[in-house]
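Geometric and topological summary
Here's the letter readout for the chains.
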Amino acid sequence: MSVRLVVLAFIFLSVSTAKSSPFSGDFARCSGVLEKLNIAVLETGTYLIPTQELKWESAVQYCKKFESSLVQTESAREAEIVFNEANKGTNPPGQFWTLGTNRARTDKNFVWAVKVPGIPIDKSLWLPGEPSHAQNKSPLDCLSASLRSGGLADNDCNDDQRPICELPKDVNNCEKLFELLKIKTLDTGTYLFTEKFYDWENASKLCDGLGMEIAIVDNIDEINIVYQEAVKLFPDNERFWIGGLDKGVKGTYVWTNDKPVDSNLWIKKHPAHAEEEEPACITLRKNGLGDCPCSVGRRSICKVK
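As annotated in an unreviewed UniProt entry, the chain is C-type lectin domain-containing protein from Cloeon dipterum.

Written out as structure tokens, the structure reads:
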């Protein structure tokens, strides 16, 4: 085989086996981060698709935490594009909460819950025979529209489904997206800082649902770097949940990867809750680690895996 043919074959194999990035344009610069998170940048908009299953009202509030709202599919094409993205790697296909609702149950009309009385949902978006609960005069107090394969169907608001959060239209580049979600890329990694307060368990679930992990910050350099960034964002705070707890043996603290916590990382007089009956979890503090009852509400820090 000639040298020319060898070179051409190498180029062909390289191109054909290379993984193409789903992100382009202004998002290409941060594609390395986005590919690890549950964020989809599509032709119809930018969406956050967490893995948690929530009741409809909780799904509404979840999206608000990120200055976004449950998805409002304005066309059959958007519904198809978003549904296909949300179902990547899912078998059988799932269903997802949208912003459509008929909470009042005063009639059979469903609206997008953006204002009162709201914008009616285009009838062409419903699957055949839907909304089925409303037509059957279901006694349910609250019905909302879920996105399924091919369109919308109505569900009991107390059902547990994954939300799809639609980010504002002006979030059209890496900087705006990171600013909205409070994502910071530092020397030690990429982190998300939550503005809302959670107990430790829910903080950990939030991180998992975003495709991240509650941050393991296990050396003094990373402690100082991440803490300084955290208090820049939230000057009123001095402690943040991270990924450590007294798991198994009371008073023995480990990280979520089961590695022991270096005793040299504790600040003075900590751990202070090791002997208490209630479980204790680790907080990031100035110059080191502290502990606190896991049920206390704190801002928290997630880290890209």
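1. A word on the packing of aromatic side chains
Applying the stated criterion across every chain yields a total of six aromatic pairs. Ring centres of F83 and F96 lie 6.1 Å apart, and the angle between their planes is 80 degrees; on these two criteria the pair is classed as edge-to-face. One end of the pair, F83, is in helix α4 (residues 76-86); the other, F96, is in strand β4 (residues 96-101), with 13 residues separating them in the sequence. A relative accessible area of 6% places F83 in the buried class.

2. Observations concerning the sheet that holds strand β13 (residues 212-214)
One open sheet holds the four strands; their spatial order is β11-β12-β18-β13, and the pairing between them is antiparallel. Edge positions in the sheet fall to β11 (183-186) and β13, since each of these pairs with one other strand and no more. Averaged over all pairs of adjacent strands, the angle between strand axes in this sheet comes to 35 degrees, irrespective of strand direction. With three bridges connecting them, β13 and strand β18 (residues 301-304) associate as antiparallel partners. Its bridge partner lying in β18, E213 is registered against K303. On the sheet, helix α7 (residues 200-209) packs against β13 and β18 and is oriented at approximately 165 degrees with respect to β13. Relative to the sheet, helix α8 (residues 220-233) contacts β11, β12 (189-193) and β18, its axis offset from that of β12 by approximately 35 degrees.

3. A closer look at the environment of I164
Here I164 is to be found in the loop between β9 (162-163) and β10 (165-166). Taking relative accessible area as the criterion, I164 reaches 0% and is therefore assigned buried. Taking C-alpha positions, I164 is 9.2 Å from L147, a pair spaced 17 residues apart along the chain.

4. Quick word on the environment of E195
In this fold, E195 is placed in the loop between β12 and α7. Along the sequence, E195 and R299 sit 104 residues apart, while their C-alpha atoms lie 6.1 Å from each other. Side chain to side chain, E195 and K182 meet in a polar contact 3.3 Å long.

5. Brief notes about the nonpolar core
Core analysis: the largest hydrophobic core is formed by 66 residues, its most contacted members being L34, I164 and L177. Not counting residues within four places of it along the chain, the set of residues in contact with L177 comprises F27, L34, I39, L167 and V171.

6. Digging into the confidence of the model for the chain
Mean pLDDT over the chain works out to 88, with 88% of the residues at or above the 70 mark. Low pLDDT (under 50) marks residues 1-21, which in the prediction has three contacts with non-local residues, meaning those over four places away or in another chain.

7. Comments concerning the state of the cysteines
Enumeration according to the criterion identifies five disulfides in this entry. In this model, C30 is linked to C174 through a disulfide, with the two sulfur atoms separated by 2.1 Å. Since a negative S-S torsion denotes a left-handed disulfide, the C30-C174 link at about -90 degrees is left-handed. Of this pair, C30 sits in the loop between α1 (3-17) and α2 (31-34) while C174 sits in helix α6 (residues 174-181), placing them 144 residues apart in sequence. Here C30 matches C174 in class, with each residue buried. Cysteine pairing for the chain, with bonded cysteines counted in sequence order: 1-6, 2-5, 3-4, 7-10, 8-9. Distance from the sulfur of C292, which forms no disulfide, to the nearest cysteine sulfur (C294) is 8.3 Å. Given a relative accessible area of 7%, C292 falls into the buried group.

8. Quick notes on the pairing of β4
The element β4 is extensively covered by neighbouring structure, given that six of its six residues are classed as buried. By the bridge criterion, three bridges tie β4 to strand β7 (residues 143-148) in an arrangement that is antiparallel. Its bridge partner lying in β7, W97 is registered against S146. The pairing of β4 with β9 spans two bridges and is classified as parallel. Bridge pairing links W97 to P163 in β9. Bridge count between β4 and strand β5 (residues 111-112): two bridges; the pairing is antiparallel. Opposite T101, over in β5, you have V111 as the bridge partner.

9. Here's the deal with the pattern of salt bridges
When their charged atoms lie close together, side chains carrying opposite charge are able to pair. Scanning the entire structure with this criterion turns up ten salt bridges. Of the charged contacts in the structure, one is a salt bridge between E201 and K205, with a shortest N-O distance of 3.5 Å. Linking E201 with K205, this pair stays in helix α7, spanning four residues, or about one helical turn. With a relative accessible area of 43%, K205 lands in the partly exposed category. A salt bridge links R239 to E238, with the shortest nitrogen-to-oxygen separation between them at 2.4 Å. Assessed through its relative accessible area of 41%, E238 is described here as partly exposed.

Here is what the cut-offs are and how they apply
Residues numbered from 1 in each chain as written. Predicted model: local features only at pLDDT ≥ 70, side-chain atom pairs only at ≥ 80, totals over all residues. Heavy atoms only, no water. Phe/Tyr/Trp six-rings, centres within 6.5 Å; stacked < 30°, edge-to-face > 60°. Helix = DSSP H or I, 4+ residues; strand = E, 2+ residues; numbered from the N terminus. Buried < 20%, exposed > 50% of the residue type's maximum accessible area, 1.4 Å probe, protein only. Pairing = 2+ DSSP bridges. Axes fitted to C-alpha atoms, helices over the stretch in contact; angles between N-to-C directions. Contact = heavy atoms within 4.5 Å. Polar contact = N/O pair within 3.5 Å; in protein donor to acceptor, adjacent residues only side chain to side chain. Core = buried A, V, L, I, M, F, W, Y, C linked by side-chain atoms within 4.5 Å. pLDDT = per-residue confidence, 0-100. Disulfide = S-S within 2.5 Å. Salt bridge = Lys/Arg side-chain N within 4 Å of Asp/Glu carboxyl O.

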